Amino acid sequence: SISAYNMVQERESLAEEIDRLRARLSEFGIALDRLSEICPKQKRSRALCIRLAQETVTDEVLSRALLHHQRLSVGALARRFEISEKTVEKHRKYVVTIALILSGDFPGIQAFLPDTGEVM
């Protein structure tokens, strides 16, 4: 009965996280329900997006631009990773979603994110 109670608590906690993430994403004009449509299909592309999101979260300037001004610094990321701005823009919504998950209080959702090493 204790394990059943813990499972219910975890499920409720995860549901609350999903609701908070849904609200946060809506501030950026991203619908959580469409996440599967914006997710890159290739493993290398997903790995790149996760690295872009990690860079966005760890860099103070990029993080401030995203979290306070709700803007992803496409040009800065493209230069740092030596890729075209078009590539970053193509995956912008996915990168923003991952960055918000990484920077927010979403431990349950973060547990589902692959490491960049696993994705490649």
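The structure under discussion appears in the preceding block.
Nothing here was measured: the structure is a model prediction, and the numbers come from that model.

Each value, and the rule that gives it
- Residues numbered from 1 in each chain as written.
- Predicted model: local features only at pLDDT ≥ 70, side-chain atom pairs only at ≥ 80, totals over all residues.
- Heavy atoms only, no water.
- Helix = DSSP H or I, 4+ residues; strand = E, 2+ residues; numbered from the N terminus.
- Polar contact = N/O pair within 3.5 Å; in protein donor to acceptor, adjacent residues only side chain to side chain.
- Core = buried A, V, L, I, M, F, W, Y, C linked by side-chain atoms within 4.5 Å.
- Buried < 20%, exposed > 50% of the residue type's maximum accessible area, 1.4 Å probe, protein only.
- Contact = heavy atoms within 4.5 Å.

**Thoughts on the side chain of T56**
Phase 1: With respect to the helices and strands, the residue T56 is situated in helix α3 (residues 43-58).
Phase 2: A polar side-chain atom of T56 sits 2.8 Å from the main-chain carbonyl oxygen of L52.

**So, the nonpolar core**
Phase 1: By size, the foremost hydrophobic cluster in this structure holds 27 residues, and its most contacted members are L21, V88 and V96.
Phase 2: Broken down by secondary-structure element, the contributors of at least two residues to this core are α1 (2-27), α3, α4 (60-69), α5 (74-81) and α7 (92-103).
Phase 3: If near-sequence neighbours (up to four positions away) are discounted, V88 is found in contact with L52, L72, V74, L77, A78 and I83.

**A closer look at α5**
Phase 1: For α5, the complete set of buried residues consists of V74, G75, A76, L77 and A78.
Phase 2: Looking at the buried positions of α5, the neighbouring elements they touch are α3, α4 and α6 (85-90).
Phase 3: Looking one or two residues beyond α5, the residue adopting positive phi is E82, at roughly 55°.

**What about the environment of S36?**
Phase 1: Relative to the assigned elements, S36 resides in helix α2 (residues 35-38).
Phase 2: Between the C-alpha atoms of S36 and Y94, which are 58 residues apart in sequence, the distance is 9.5 Å.

**Notes on unusual backbone geometry**
Phase 1: Of note in the backbone geometry, Q70 takes a positive phi value of approximately 55° without being a glycine.
Phase 2: Along the chain, the position of Q70 falls in the loop between α4 and α5.
Phase 3: One non-glycine residue, E82, adopts positive backbone phi at about 55°.
Phase 4: By the element assignment, E82 lies in the loop between α5 and α6.
Phase 5: Residue classification places E82 among the exposed positions, given a relative accessible area of 73%.

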